[in-house]
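# Understanding the architecture of this molecule
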Amino acid sequence: MSEPSSAPLDIKFTQRFSGNLLSNIAYFVLNIIIGLALVPFFLDTLGEAAYGLIPLATSLTGYVTIVIDAINSAVTRFLTVDLQRSDLKRASETFNTAVFTTLGVILCLIPIAIVAAWIAPSIFNIGDESATSVFLLFAMVFGSVLVRTWSSNFMVSLFAYNRLDLRNYVNIANVGLQVIFVVVLFFCLGPSLPLVGISYLLAAVAALILSIVFSHRVCPHLRVSPSDFAPSRLREIGGVTGWIACSQLAYLLRYQVALILVNIMFGEIAGTQYSLVITWSMLLLGLAGLVTNTFTPMSYSYRAKDDKIGLTRFTLFAMRCTGLAIALPIAFLCVFSPQIMTIWVGEEYANLAPLVWIILAPMIVRIQTSCTDPIFAAYLRVRAPAIFSIAVGILNVILALLFPVIFENGMYGVAYAGSLILLMVGVFFLMFNAHVLQMPLGTFFRPIVTGVAALGVLSIVGTLYASIILVDSLQMLVVSGILISIIYGIVVLRLVLKKDEREIIRSCLPAFASKLIPSQVL
């Protein structure tokens, strides 16, 4: 048995925070540009009914890869702790056990994915699309996700070394190549659903190659070696994987199942409309990830040192900053949703504004709660969250089926069910993670109050602004967003954040940004 080095790995959180954050911003901005541009592009080239099948296919991939995602989540925890403790022998065993186990699971999942893709046209409303086209779309999207999940084995070392910038470069390459392949193939061969699937698959293979290159550069002593496959390590990882898989399934039952139910219950057009709003929720989760992903390595670092007090303080800081930051885009999207929908995809979708409020507003709680997610995983307390998540996931499906019937509100009933479940999950995880750290159960609720209050104030101010000033063009929408953001930013930095919080934020900024921002502001 190897002995860990006396000096733990220095993940250089403060030094790398700015680079990680900037790369996160670049990835997020690219996602926004591509995500928003592709929707009208697909609507124009494929049609409304056919477009709705693309997000439906991507949402189904999670059900196929539950086991792999669970293995990767467990490995992330074990390998990060091994590397941060400089136990390279144990890290190599963890890495190779994960690589070969995941590969074996993928080989077993391939026929399951093919069968799922084959029966998809008979389950869902596919409009005028042929069953063969839908099968090929689903099959190749499933294939792309299987390739990406295997590549995540090589990206765990980047996470452990806090090189989130390199992880983002891989993700940027994947998203960028998807678009390039789609546009080129559509231009050369004409628009079709199978070409979308081919584009996703080719981009995933390219991202796999890039992830292997970056992994070897950052951690050259982690190499693929069958001799380092450790059955004992597999049992240790497997003990956690089962419960994480339950949590993954529960996540799908809480979030991804809505789009499937809307398609089956209300048709492909309703599914397309629902997917438009879901697009914004995914973008918000991506925006939140700009900050929360940069916090996670630090949370595992506190766990490696078993510093519960430090981890609690750090998590409270992360939740408070994340809530104040994410309240602005949530409020903006909700208040100006009619204008945004009109400019983005057409005036006929402006009536989806109430659905935007129902789905997006409660996300402030989920996003802030996500800052506490590394806690129970870091301390391997995964059983209770998994059982609870499965229970509320099943409850979500039941309510999503009942609410539209009881209240006769169509797909809005599905949205209400999802939002109610989201709030229940948020309360549970806030209390459970406080329990894991042996803190009072209400420890993590105060930052939630701050975030919700900020969202409420912004919503009121934004509604008053929209009632006074006519916002009927993209230019006015951009100007209004910039104006509200500047005023809100100054108020938060000078009146809401504490002095020590401002100092921490300034210390994490790039040198050039720190010099540009006056000390009176930050």
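Residues numbered from 1 in each chain as written. Predicted model: local features only at pLDDT ≥ 70, side-chain atom pairs only at ≥ 80, totals over all residues. Heavy atoms only, no water.

## Details of the overall build of the protein chain
Inclusion rule: Secondary structure elements follow DSSP: runs of H or I of four or more residues count as helices, runs of E of two or more count as strands, with numbering from the N terminus. Only the protein chains shown count as cover for residues, and all accessible areas are computed by the Shrake-Rupley method using a 1.4 Å probe.
For the protein chain, the count of helices and strands is 21 helices and 0 strands. When the accessible surface of the protein chain is totalled, it reaches about 22,000 Å², and 70% of it is carbon and sulfur.

## Focus: the packing of aromatic side chains
Centre distance and the angle of the planes are the two values used to describe a pair of aromatic rings. Formally: Pairing of aromatic rings covers Phe, Tyr and Trp, the last counted by its six-membered ring, and requires centre-to-centre distances within 6.5 Å; plane angles under 30 degrees mean stacked, over 60 mean edge-to-face, and any other angle means tilted. Exposure categories follow from relative accessible area, calculated using a 1.4 Å probe and restricted to protein chains: below 20% of the type maximum is buried, above 50% is exposed, and the middle band is partly exposed. Each ring is checked for a lysine NZ or an arginine CZ that lies within 6 Å of its centre and within 35 degrees of its normal; such an atom marks a charge sitting over the ring.
One pass over the full model with this rule turns up 16 aromatic pairs. Taken together, a centroid distance of 5.8 Å and an interplanar angle of 70° make the contact between phenylalanine 95 and phenylalanine 154 edge-to-face. Taken as a pair, phenylalanine 95 in helix α5 (residues 88-123) and phenylalanine 154 in helix α6 (residues 131-160) lie far apart in primary sequence, 59 residues in all. Each member of the pair phenylalanine 95 and phenylalanine 154 is classed as buried. Residue placement shows lysine 305 over the ring face of tyrosine 302; its charged tip is 5.3 Å from the ring centre.

## Let's talk about the environment of alanine 454
The condition that has to hold: Two residues form a contact once any of their heavy atoms are found within 4.5 Å.
Turning to its location among the elements, alanine 454 is positioned in helix α18 (residues 446-468). Sequence separation between alanine 454 and alanine 331 is 123 residues; the distance between their C-alpha atoms is 9.1 Å. Not counting residues up to four positions away in its chain, the partners in contact with alanine 454 are Leu324, Ala327 and Tyr488.

## Quick notes on the layout of surface pockets
Let me state the cut-off plainly: Cavity: a set of points on a 1 Å grid over the protein atoms alone where a 1.4 Å probe fits but cannot get out. Pocket: an open set with protein on both sides within 12 Å along at least five of seven lines, its lining residues, like those of a cavity, having an atom within 4 Å of a point. Grid points are joined across faces, edges and corners, and a volume is the space filled by probe spheres set on the points. The classification used treats Ala, Val, Leu, Ile, Met, Phe, Trp, Tyr, Cys and Pro as nonpolar, Asp, Glu, Lys and Arg as charged, and all other residues, Gly among them, as polar.
The computed volume of the second largest pocket comes to approximately 300 Å³. What lines the second largest pocket is a set of 15 residues, and nearest its centre among them are Val457, Leu458, Val461, Tyr488 and Val491. Going through the elements one at a time, α18 and α19 (474-496) are the ones with two or more residues in the lining of the second largest pocket. Looking at side-chain class alone, the lining of the second largest pocket contains 14 nonpolar, 1 polar and no charged residues.

## Re empty space enclosed by the protein
This model, assessed by the stated rule, comprises 3 cavities of 30 Å³ or more. Lining of the second largest cavity is provided by Leu328, Ala331, Phe332, Val335, Phe336, Leu458, Val461, Gly462 and Ile484. Taken together, the elements giving at least two residues each to the lining of the second largest cavity come down to α11 (308-335) and α18. No other element matches α11, which puts 4 residues into the lining of the second largest cavity. Class assignment of the residues belonging to the lining of the second largest cavity gives a composition of 8 nonpolar, 1 polar and no charged.

## Looking at the pattern of salt bridges
It is possible for side chains bearing opposite charge to pair when their charged atoms get close. Using the following cut-off: We define a salt bridge as a contact between a side-chain nitrogen of Lys or Arg and a carboxyl oxygen of Asp or Glu at a distance within 4 Å.
Considering all chains together, one arrives at 3 salt bridges under this definition. Here lysine 89 ties to aspartate 228 by a salt bridge, and the two come within 3.4 Å at their closest N and O atoms. With lysine 89 in helix α5 and aspartate 228 in the loop between α8 (193-218) and α9 (231-266), this pair connects stretches of sequence that are 139 residues apart. Given the relative accessible area of 15%, aspartate 228 is considered buried. Among the ionic pairs, aspartate 306 bridges to arginine 303, the shortest N-O distance being 3.9 Å. Its relative accessible area of 46% is what places aspartate 306 among the partly exposed residues.

## Quick notes on helix α13 (residues 353-360)
The buried fraction of α13 is high, at 6 of 8 residues. Here α13 has its buried residues at Ala353, Leu355, Val356, Ile358, Ile359 and Leu360.

## Focus: the nonpolar core
So the rule is basically this: By nonpolar core we mean a set of buried residues, namely Ala, Val, Leu, Ile, Met, Phe, Trp, Tyr and Cys, connected to one another through side-chain atoms within 4.5 Å.
Ranked by internal contacts, the top residues of the largest apolar core, which has 123 residues, are Phe138 and Tyr274. Ignoring any residue separated from it by four or fewer positions in sequence, one finds tyrosine 274 in contact with Ala258, Leu259, Val262, Leu355, Ile359, Met411, Val414 and Ala415.

## A word on the side chain of serine 370
Filter applied, for reference: Polar contact is the term for a pair of N or O atoms within 3.5 Å; when the atoms are in protein, one must be able to donate a hydrogen and the other to accept it, and sequence-neighboring residues count only if both atoms are side-chain atoms.
By the element assignment, serine 370 lies in the loop between α14 (363-369) and α15 (373-378). Of note is the side chain of serine 370, whose polar atom sits 2.4 Å from the backbone oxygen of isoleucine 367.

## Brief notes about the packing of α5 against α6
Let me state the cut-off plainly: Axis lines are fitted to C-alpha atoms, over the contacting stretch for helices. Their N-to-C directions set the angle, which ranges from 0 to 180 degrees. An angle below 35 degrees is treated as roughly parallel, one above 145 as roughly antiparallel, one from 65 to 115 as roughly perpendicular, and anything else as oblique.
Orientation of α5 relative to α6, taken along the N-to-C sense of each, is 170°, at an axis distance of 9 Å. It follows from the interaxial angle that α5 and α6 lie roughly antiparallel. Tallied by class, residues from the contact of α5 with α6 come to 23 nonpolar, 3 polar and no charged.

## Details of the confidence of the model for the protein chain
Stated precisely, the cut-off is as follows: Values of pLDDT, ranging from 0 to 100, describe the predictor's confidence in every residue of the model.
Averaged over all residues, the pLDDT of the protein chain equals 83, while 86% of them reach at least 70. Across the protein chain, element-level confidence peaks in α13 with a mean pLDDT of 95 and bottoms out in helix α21 (residues 511-516) with 61. Here residues 1-9 scores under 50 on pLDDT; set against residues more than four positions off or in separate chains, the count is 16 contacts.

## Some remarks on the packing of helix α7 (residues 164-189) against α8
Which entries qualify depends on this criterion: We call a crossing left-handed when the near helix sits turned anticlockwise from the far one by less than a right angle, and right-handed when that turn is clockwise.
Following both chains from N to C, one finds α7 and α8 inclined at 155°, their axes separated by 8 Å at the closest point. In this view, α7 runs roughly antiparallel relative to α8, as classed from their interaxial angle. In this structure, α7 crosses over α8, and the sense of that crossing is right-handed.

## Points about the state of the cysteines
For clarity, the cut-off: Defined by distance alone, a disulfide is two cysteine sulfur atoms within 2.5 Å.
Under the counting rule described, the total for this entry stands at 0 disulfides. No disulfide involves cysteine 371; its sulfur sits 9.1 Å from the nearest other cysteine sulfur, which is in cysteine 321. You can call cysteine 371 buried: its relative accessible area is 7%.

## Re unusual backbone geometry
Although it is not a glycine, glutamate 408 adopts a positive phi angle of roughly 55°. Looking at the element boundaries, glutamate 408 is found in the loop between α16 (383-407) and α17 (411-436).

## Things to note about a nonpolar patch on the surface
Put simply, the test is: For patches, a residue must show more than 30% relative accessible area and have no salt bridge; joins then use 9 Å for like charges and 5 Å for nonpolar side chains, namely Val, Leu, Ile, Met, Phe, Trp and Tyr.
Where nonpolar side chains cluster on the molecular surface, the patch consists of Ile394, Leu395, Ile398, Leu402, Val405, Ile406, Phe407, Leu420 and Met424 and spans about 800 Å² of accessible area. If you tally residues by element for the nonpolar patch, the top one is α16, at 7 residues. Inspection of the secondary structure puts leucine 420 in helix α17.

## A few points about the side chain of serine 480
Residue placement: serine 480 occurs in helix α19. Leaving out residues up to four positions away in the same chain, serine 480 has contacts with Phe332, Tyr465 and Val471.

## Digging into the environment of leucine 276
Within the secondary structure, leucine 276 is located in helix α10 (residues 268-304). Overall, the relative accessible area of 0% leaves leucine 276 in the buried class. With residues near it in sequence (within four places) discarded, leucine 276 still touches Val39, Tyr51, Met341, Trp344, Val345, Tyr349 and Leu352.

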